[in-house]
Amino acid sequence: MTTGREKSDGRVVPEGRRKSIPTRGGDHGGGKAITVSQQATQLELFAETADSLYGADAGVEAGRPASGPDAVHLSADTTGEVVPAMVMEEVAREGNLRKALKNVVANKGAPGPDGKSVEWVRDHFEAIVPKLRGELLDGSFQPGLIRRVWIPKPHGGQRGLGIPDVIDRVVQQAVLQVLAPHYEPSFHPSSHGFIHGRSCHTAIDEAVGYVGEGRTIVVDIDLERFFDRVNQQRLMARLEQKVSDRRVLKLIRRMLKAGIVMPDGVVVTNDEGVPQGGPLSPLLSNIVLDELDWELEQRGLCFVRYADDCNIYVRSERAGHRVMANITRFIERRLRLKVNVSKSAVAPPEDRHFVGFRLYRDPMDGSVQVLLSKRTLDRINVKIREMTPRSWGQSMRTCIQRLNVYLKGWIGFFWIVTDTEQRTLQRLESHLRRRLRAIQLRHWKRKKTIYRRLIQMGCRSRTVYRYVYGDCRSTWALSHCSPVERALRNQFFTELGLVSLTERRQDLWDHRTIARVEPVLQFG
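My aim in this report is to walk through the structure given alongside it, one point at a time. (Residues numbered from 1 in each chain as written. Predicted model: local features only at pLDDT ≥ 70, side-chain atom pairs only at ≥ 80, totals over all residues. Heavy atoms only, no water.)

1. Points about helix α10 (residues 281-298)
Quick reminder of the rule: Helix and strand labels come from DSSP, where a helix needs a run of H or I of at least four residues and a strand needs a run of E of at least two; each type is numbered from the N terminus. The span expected for a helix works out to 1.5 Å for each residue beyond the first. We define the bend at each residue as the angle formed by axes fitted to the 7 residues ending at it and the 7 residues starting at it. Exposure categories follow from relative accessible area, calculated using a 1.4 Å probe and restricted to protein chains: below 20% of the type maximum is buried, above 50% is exposed, and the middle band is partly exposed.
Between its terminal C-alpha atoms α10 stretches 26 Å, which fits the 26 Å expected from 18 residues at 1.5 Å a residue. The sharpest bend along α10 comes to roughly 35°, located at Leu289. By the criterion of burial, α10 is predominantly enclosed, with 16 of the 18 residues buried. Downstream of α10 by a residue or two, Gly300 has a phi angle that is positive, lying close to 80°.

Quick look at the structure:
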């Protein structure tokens, strides 16, 4: 029986363990961390596909103070460069608050319980900022309530989001801009969620490296209701290790303890968890799980984590089950979190969903293919059905313009799939065009009109008659017959401006070969 801090597969951790991408901090054991300003721009994730619900606030760059008379209280990071000290004077600095407002406005969030919109706060900010600064500095600032919103999960159930007041979001963003430059350089290189210069794509790239080395079993750990179960006392204790200003700590504690307004109007207390939805919650979640990252490092495990999705790569199923048992014990006893046994698994990476993808290693040549996960394909098929209803009442061009917005964002995230998924993208395009043909047939309404239009577009009258009046009884069946496909051919939709997923993916892939020569691997 093996227990304790055993090494996966019985291996010893080598010096300078292979990392598939250059990351901040160099080797795991030390080295100088480069600053936030020296990193490549974080990929703007597509909201419909990434397993994140933080929105634009989560990926905002942590900024340094502008030069000026109020840019005081400075400290140096490990490279000797100046970053803002983690004190309330820096949080309440007018330039920092204005930058926070700009980021919150860019996120275009909904109003909180007080009903004040982002636009209202922006228009009245000149009058708000003096009082806000005073309350922050003297410690009298009290965060408002948090509005609870339930959104459906793709595979059943609901996810709870907390929407603070806009002013509270500005304060959270201001705190984030001060804390992030100190915390992000110390986060583990295998943590990729909501850290400047890292993204879902860098997470997949590192995972590809581990699978390519022969670690073809993944220990997929799912944390049950992570944001609702974070132990606030342990989180505050970790913050106290770096933040010495008691006013900043008190402000964060008040934000964590803010009451939650349920949809029925009942206000409940919040003694556990981190409200998911504010700008500060991604940083706080990374601070909590950073302890897990370094524990995995100490045990010699190869892993990739994006937010609360953690995959550990091992060489055998037996090692995977051993790692699953030991890490589950650490998470539940040490971190006081809960592992969702029903959703966690030890399996080949091609059977698991990780940030929208799955990985497959060819046993013949050892190459690793990046594929779309089943969950991702299910989501886009549902979205296509929603956006191309047979009852569409506007013009075909308007429908295509609406589709293009979604398709460009979708392929802008998933273009890193390998060439083996080209056929999958072609099937998606084919299915989409068929639904558009069904809409066009509905627009023509009567069979007599369909018959006449198809003949006008060059189809043989006898063939058209057989399909329209004989074989095909429904619009959906008729949309797949040869006369309709010949008349409404692919070029017809291309001329109306429909985006080609395969062509756009190839354009982005060609650009990717240029990005690989950069010091930090980029995918966009």
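2. Concerning the packing of aromatic side chains
Aromatic rings in a pair are described by how distant their centres are and how their planes are angled relative to each other. Stated formally: A pair of aromatic rings is counted whenever rings of Phe, Tyr or Trp (Trp by its six-membered ring) have centres within 6.5 Å, and the orientation is called stacked for planes under 30 degrees apart, edge-to-face for over 60 and tilted otherwise. Counting as a charge over the ring demands two things of the Lys NZ or Arg CZ atom: a distance within 6 Å of the ring centre and an angle within 35 degrees of the ring normal.
For the coordinates displayed, the defined rule picks out twelve aromatic pairs. Summarising the aromatic geometry, the rings of Phe413 and Phe414 are spaced 4.8 Å apart at their centres and angled 85° between planes, so their arrangement reads as edge-to-face. On the basis of relative accessibility, which here comes to 1%, the residue Phe413 falls in the buried class. Here the basic side chain of Lys242 rests over the ring of Tyr183, its NZ or CZ set 4.7 Å away from the ring centre. Over the ring of Trp476 we find Arg434; its NZ or CZ atom is 3.9 Å from the centre of that ring.

3. What about the sheet that holds strand β8 (residues 302-306)?
Under the convention used in this document: For two strands to pair, DSSP has to find at least two bridges joining them. Between the N-to-C directions of two axes lies an angle of 0 to 180 degrees, each axis being a line fitted to C-alpha atoms and, for a helix, fitted only over the stretch in contact. Only heavy atoms matter for contacts: two residues are in contact if any of them lie within 4.5 Å across the pair.
The antiparallel open sheet is built from four strands, whose spatial order is β8-β9-β5-β10. What marks the edges here is a single partner per strand, and that holds for β8 and β10 (345-347). Between one strand and the next, the sheet's axes are offset by a mean angle of 20°, whatever the strand orientation. The pairing of β8 with strand β9 (residues 309-314) spans five bridges and is antiparallel. Counted as the bridge partner of Tyr306 is Asp309 from β9. Those strands touched by α10 are β8 and β9, and its axis lies near 170° from that of β8.

4. A closer look at the pattern of salt bridges
Proximity of charged atoms lets side chains of opposite charge pair with each other. Put simply, the rule reads: Salt bridge, as applied in this entry: a Lys or Arg side-chain nitrogen positioned within 4 Å of an Asp or Glu carboxyl oxygen.
Counted under the stated rule, the structure contains 19 salt bridges. With a closest N to O distance of 4.0 Å, Lys257 and Asp271 form a salt bridge. Placement of the pair is Lys257 in helix α9 (residues 246-257) and Asp271 in the loop between β7 (267-268) and α10, with a sequence separation of 14 residues. By relative accessible area, Lys257 is classed as partly exposed at 38%. When its relative accessible area of 56% is taken as the criterion, Asp271 is described as exposed. Arg299 is paired through a salt bridge with Glu295; the nearest N and O atoms lie 2.9 Å apart. You'll find Arg299 and Glu295 in the same group, each marked buried. One network of salt bridges, in which partners are shared, links Arg234, Arg238, Glu291 and Arg334.

5. Quick look at the nonpolar core
This is how the line gets drawn: Nonpolar cores are built from buried Ala, Val, Leu, Ile, Met, Phe, Trp, Tyr and Cys residues. Side-chain atoms within 4.5 Å join them into one set.
Membership of the largest hydrophobic core comes to 71 residues, with the highest contact counts inside it found for Leu179, Leu239, Ile312 and Ile331. Setting aside residues no more than four positions away along its own chain, Leu179 makes contact with Met86, Leu239, Val248, Ile252 and Leu283.

6. Brief notes about the sheet that holds strand β4 (residues 158-164)
One open sheet accounts for four strands, arranged β4-β3-β6-β7; its pairing is mixed. Pairing within the sheet leaves two strands with one partner each, and these edge strands are β4 and β7. As paired elements, strand β3 (residues 146-152) and strand β6 (residues 260-261) share two bridges and run parallel to each other. Each bridged residue has a counterpart across the sheet, and for Arg147 the counterpart in β6 is Val261.

7. Section: the side chain of Glu206
The condition is simple: Residues adjacent in sequence count toward polar contacts only when both atoms are side-chain atoms; beyond that, a polar contact is any pair of N or O atoms within 3.5 Å, and within protein one must be able to donate a hydrogen and the other to accept it.
Here Glu206 shows up in helix α6 (residues 200-212). The exposure class assigned to Glu206 is buried, which follows from its relative accessible area of 0%. A polar contact is formed between the side chain of Glu206 and the side chain of Ser190, at a distance of 2.7 Å. A distance of 2.7 Å separates the side chain of Glu206 from the side chain of Tyr210, its partner in a polar contact.

8. Comments concerning the pairing of β3
Relative to β4, β3 runs antiparallel, the two sharing seven bridges. Counted as the bridge partner of Ile146 is Pro164 from β4.

9. Topic: the environment of Arg229
Inspection of the secondary structure puts Arg229 in helix α7 (residues 226-229). Taking the C-alpha atoms as reference, Arg229 lies 8.1 Å from Arg336; in sequence the two are 107 residues apart. Each residue touching Arg229, except ones within four places of it in the same chain, is listed here: Glu224, Glu272, Gly273, Arg336, Leu337 and Lys338.

10. Quick notes on the environment of Pro113
Relative to the assigned elements, Pro113 resides in the loop between α2 (94-107) and α3 (118-123). Sequence spacing of Pro113 and Arg147 is 34 residues, and the spatial spacing of their C-alpha atoms is 5.5 Å. In contact with Pro113, not counting residues within four places along its chain, are Leu145, Ile146, Arg147, Ile163, Pro164, Asp165 and Val261.

11. Structural notes on the packing of helix α12 (residues 374-387) against helix α13 (residues 396-414)
The following threshold applies: To sort the angles, those under 35 degrees are grouped as roughly parallel, those over 145 as roughly antiparallel, those from 65 to 115 as roughly perpendicular, and the leftovers as oblique. Amino acid classes used here: Ala, Val, Leu, Ile, Met, Phe, Trp, Tyr, Cys and Pro are nonpolar; Asp, Glu, Lys and Arg are charged; the rest, including Gly, are polar.
At a closest axis distance of 11 Å, the pairing of α12 and α13 adopts a crossing angle of 170°. Considered as vectors, α12 and α13 are oriented roughly antiparallel to each other. On the side of α12, the interface is formed by Thr376, Ile380, Lys383 and Met387, while α13 contributes Cys399, Arg402, Leu403, Tyr406, Trp410 and Phe414. Residue classes in the contact of α12 with α13 are distributed as seven nonpolar, one polar and two charged.

12. What to know about the packing of α12 against helix α14 (residues 422-444)
Convention followed: By the definition used in this description, the sense in which the near helix is turned from the far one sets the handedness, with an anticlockwise turn below a right angle giving left-handed and a clockwise turn giving right-handed.
Closest axis-to-axis distance for the α12/α14 pair is 11 Å, and the angle between their directions is 15°. Here α12 is positioned roughly parallel relative to α14, judged by the angle of their axes. Every pair of crossing elements has a handedness; the one defined by α12 and α14 is right-handed. Facing α12, whose interface residues are Leu377, Ile380, Asn381, Ile384 and Arg385, α14 presents Thr424, Leu428, His431, Leu432 and Arg435. Across the contact of α12 with α14, the residue classes break down as five nonpolar, three polar and two charged.

13. Points about helix α15 (residues 447-456)
Going by this rule: Our arc is simply the arc of the directions from the helix axis toward the C-beta atoms.
Along α15, the positions that sit buried rather than exposed are Thr449, Ile450 and Leu454. Down the axis of α15, the buried side of the element spans an arc of 125°, and every buried residue falls inside it. Residues Lys448 and Gln456 are exposed on α15 and point more than 90 degrees away from its buried face. Two residues or fewer past α15, Gly458 is found with a positive phi of approximately 100°.

14. Here's the deal with a positive patch on the surface
Put simply, the test is: Exposure above 30% relative accessible area and the absence of a salt bridge qualify a residue for a patch, where like charges join within 9 Å and nonpolar side chains (Val, Leu, Ile, Met, Phe, Trp, Tyr) within 5 Å. Here the Shrake-Rupley method, with its probe set to 1.4 Å, supplies the accessible areas, and only the displayed protein chains count as covering residues. Note on charges: Lys and Arg go in the positive column, Asp and Glu in the negative column, and His and the chain ends are not counted at all. To locate a charge, take atom NZ for lysine, CZ for arginine, CG for aspartate or CD for glutamate.
Residues Arg446, Lys448, Arg452 and Arg453 make up a contiguous surface patch of positive charge. Along the chain, the position of Arg452 falls in helix α15. Judged by relative accessible area, which is 39%, Arg452 ranks as partly exposed.

That's the geometry; what it means functionally is another story.
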